[in-house]
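Listed below, chain by chain, are the residues.
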2 protein chains.
Amino acid sequence: MASPQSDWAKIYPWTKAPVICNGPMRLIALAPLATAVSAAGGIGFLGAGSDASTLSSMLSATRDEIAKCPNLAQYMETANILPVGVGFLLWAGEDLLQAALPILEEYQPAAVWLFAPSEPSQPKRWCDELRRVTRGRTQLWMQIGTVAAALAAVRDAKPDVLVIQAVDAGGHGLQYGSGLVSLVPEVHDRISEFCAENGQKMPLLVTAGGIMDSRGAAASLILGASGVCMGTRYLCSHEAEIAKGYQNAVLAASDGGVSTARSKLYDSLRGTSDWPKEYGGRGVLNASWHDAQSGMTFEENKKLYDQAMERGNEGWIGDKARLTTYAGSGVGLVNEVQGAGIITTEVRQGAKRLLKIT
Amino acid sequence: MASPQSDWAKIYPWTKAPVICNGPMRLIALAPLATAVSAAGGIGFLGAGSDASTLSSMLSATRDEIAKCPNLAQYMETANILPVGVGFLLWAGEDLLQAALPILEEYQPAAVWLFAPSEPSQPKRWCDELRRVTRGRTQLWMQIGTVAAALAAVRDAKPDVLVIQAVDAGGHGLQYGSGLVSLVPEVHDRISEFCAENGQKMPLLVTAGGIMDSRGAAASLILGASGVCMGTRYLCSHEAEIAKGYQNAVLAASDGGVSTARSKLYDSLRGTSDWPKEYGGRGVLNASWHDAQSGMTFEENKKLYDQAMERGNEGWIGDKARLTTYAGSGVGLVNEVQGAGIITTEVRQGAKRLLKIT
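The rules behind the values
Residues numbered from 1 in each chain as written. Chains lettered and ligands numbered in written order. Predicted model: local features only at pLDDT ≥ 70, side-chain atom pairs only at ≥ 80, totals over all residues. Heavy atoms only, no water. Disulfide = S-S within 2.5 Å. Least-squares fit on C-alpha atoms with pLDDT ≥ 70 in both. Contact = heavy atoms within 4.5 Å. 1 Å grid on protein atoms, 1.4 Å probe; cavity = no way out; pocket = protein on both sides within 12 Å on 5 of 7 lines; lining within 4 Å. Points joined across faces, edges and corners; volume = space filled by probe spheres on them. Nonpolar A, V, L, I, M, F, W, Y, C, P; charged D, E, K, R; others polar. Helix = DSSP H or I, 4+ residues; strand = E, 2+ residues; numbered from the N terminus. Expected span 1.5 Å × (residues − 1). Buried < 20%, exposed > 50% of the residue type's maximum accessible area, 1.4 Å probe, protein only. Pairing = 2+ DSSP bridges. Axes fitted to C-alpha atoms, helices over the stretch in contact; angles between N-to-C directions.

Per an unreviewed UniProt entry, chain A carries the name Nitronate monooxygenase and comes from Acrodontium crateriforme.

The structure is reproduced here in structure tokens:
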């Protein structure tokens, strides 16, 4: 049997093993971040989220950026595939799919990352339609947070890549779940059994949630994955589209197991109410959280939140910080802002050293 | 600088690297389990918990068992140290310490594992007194679940070993926390800095929480630990003192991120009310939990719980299962009952293979 690493090299020829990618963070992972990650031998993802209105301009900007990177430009020309991925939120429904399909058909990104269906039929529907319009050239990634969801995804939608998201992940994920150390081996074993029994190709496994550096990346590979995704670490990259106040709050946070929590509070304060009920967003706890815990009414909290929004970057500073600071439980390991290419290369090479891969 | 592995070999000469140990599970980890783990080259722990009334008989039984194991008996004779550890819950207070001290002085176990203080002064008090009565021959292990607690422990009590417990752990632990992938590297880095700045010896690091097999063990070592602790896996050992119904419920559970939860419910149902408020117990969700979620009064739930207790092993069976089933989020990876020695050896050797340690 071929090793997963040779699969990666065949499907994404510009990448280097082990493959590192950035999470498709909505509004944050745009052309500069995705291009920098792919240019460094990873897979850069754009965060389209629940909205296709900027998808075409985002992909167009990415294509222009990639044309300036020799290794990627050459691949793009010969394979006619855009060497980045795009992430979508499936709960946005059929309208999003229909709006996205012609654009994805035009740009043919190397990967589409699907997350958070609100109906069990959505993963298969998206996979079928995306395979049709890209003639199977776009690889389909599906992010799950439980063993049951992994089995359902592999059975129904047959994704090429399964992203296993731990409860430690920053931003949106299942409200309840487990860490990678227990989740990855169980998903690996159950999916392997299912694929063997059904003569189905095993998807590649990617980890997400709590990984901040080469140690988390190497641990992921030991646990059974062959690729690694980071979100919070890339928040502190020069290429992330992120408010300085937000980035500084990420740099300042530590001890994320207790200084962050997963809840629906920050979505509510921001006026985001579309996520299915089983999802919450993990973020750094600040005055909005503490006031809510102390019994402040939502209306009062929302008023103060909106006032903090008007203060811009100051809305993230000190004891009076109120603004949403989505970040994972490993936030204390992120202590500087670096180039996304440096982050990608450093994590990959560090993981290889730890695993004695030559 | 000597590697942590050579420290282990020097301090616990009967062990083989990487060191695997069982959690000091109260009422479950008794002489048979602790002896089997130590005899297989790990460090077996007895669970004394909050009560010293059976400590002397437990240690006496362990000494008798160990005398039957050639490698351990020889060590015990030459070093005059009992090659196992004992775990205590510090919130039980000064009475427990005073009751335990003369017994520990008599038996000189290789390690004492301290957990869950209710006062910040307790770790140092216990460490000082234990070092005094055992003349420094008993190594002091301190279990923590946050970076802040790790720093406080190292600063105040200077434990020889720091056990880093993830939120995935079964049974008691902090209600809120993170997985090992983010927690271990941050604890490692902050403690290393602190020890370097203060000219203090770095404690050995052990992981606990979510580790079920060689993959979790190897990942722990990659993350920065040099020893590994498992609880749930040893619940399904022949040597665990455990009701068959409980053990079968552990074997049957899967997808622990959503099929287990950490709460105070099961402690309340069992009449255990002494744990500090920040701790909860992770267990497999059953009818007690679902009924509580559906609004059943505690009084009614407690009545049904007590009735289930009378049914014995049947109280853990099927849809009507109500009894406490403490287990970690990796419970789905435990699928058979084996000897504790086999478990210890298999996890150690598997971890070495994964890490290419010869």
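Caption draft 1: Inspection of the state of the cysteines at higher detail. Per the stated rule, a full pass over the model turns up zero disulfides over all chains. Summary of cysteine pairing: cysteine 127 of chain A is not part of a disulfide, and the nearest cysteine sulfur, belonging to cysteine 195 of chain A, is at 14 Å.

Caption draft 2: The relation of the copies chain B and chain A, seen in detail. If you rotate chain B by 180 degrees and push it 0.0 Å along the axis, it lands on chain A with an RMSD of 0.0 Å. Look at the turn and shift together and you get a two-fold axis relating the two. The overlap is high: 97% of the interface residues of chain B also sit at the interface in chain A, so the same surface is used on both sides.

Caption draft 3: Region of the structure containing empty space enclosed by the protein. All names here are of chain B. A full pass over the atoms with the stated rule returns two cavities of 30 Å³ or more. Each pocket or cavity is described by its volume, and for the largest cavity that value is around 50 Å³. Forming the boundary of the largest cavity are Gly145, Gln165, Ala166, Val167, Gly173, Leu174, Tyr176, Gly177 and Arg262. Taken together, the residues of the lining of the largest cavity sort by class into four nonpolar, four polar and one charged. There is about 40 Å³ of room inside the second largest cavity.

Caption draft 4: Spotlight on unusual backbone geometry. In this chain, alanine 17 of chain A is followed by proline 18 of chain A through a cis amide linkage whose omega measures -10 degrees. Within the fold, proline 18 of chain A resides in the loop between α1 (4–11) and β1 (19–22). Positive phi is not limited to glycine here, since asparagine 80 of chain B has a value of about 55 degrees. Looking at where asparagine 80 of chain B falls in the secondary structure, it is placed in the loop between α4 (70–79) and β3 (82–89). Positioned with a positive phi, lysine 158 of chain B is a non-glycine residue whose angle comes to about 50 degrees. With respect to the helices and strands, the residue lysine 158 of chain B is situated in the loop between α7 (147–156) and β6 (161–165).

Caption draft 5: Expanded view of helix α6 (residues 122–133) of chain B. Residues and elements named next belong to chain B. Along its twelve residues, α6 runs 17 Å from first to last C-alpha, staying within 8% of the 16 Å computed at 1.5 Å per residue. Where α6 is concerned, the buried positions are Gln122, Pro123, Trp126, Cys127, Glu129, Leu130 and Val133. Of the residues one or two after α6, arginine 135 is the one with positive phi, at around 50 degrees.

Caption draft 6: Spatial organisation of the layout of surface pockets. Residues and elements named next belong to chain B. Empty space within the largest pocket amounts to approximately 1,300 Å³. What lines the largest pocket is a set of 48 residues, among which Val167, Leu174, Gln175, Tyr176 and Gly177 lie closest to the centre. Element by element, the count of residues in the lining of the largest pocket is highest for α7, at five residues. Across the lining of the largest pocket, the residue classes break down as 23 nonpolar, 16 polar and nine charged.

Caption draft 7: Quick peek at the sheet that holds strand β10 (residues 260–263) of chain B. Residue and element names in this part refer to chain B. Sheet architecture is open: three strands sit in the order β7-β11-β10, paired in antiparallel fashion. The outermost strands of the open sheet, each flanked by one partner alone, are β7 (171–174) and β10. Across the sheet, the axes of successive neighbouring strands diverge by a mean angle of 35 degrees, strand direction being ignored. Pairing between β10 and strand β11 (residues 279–284): four bridges, direction antiparallel. Within β11, the residue paired with threonine 260 across the bridge is valine 284.

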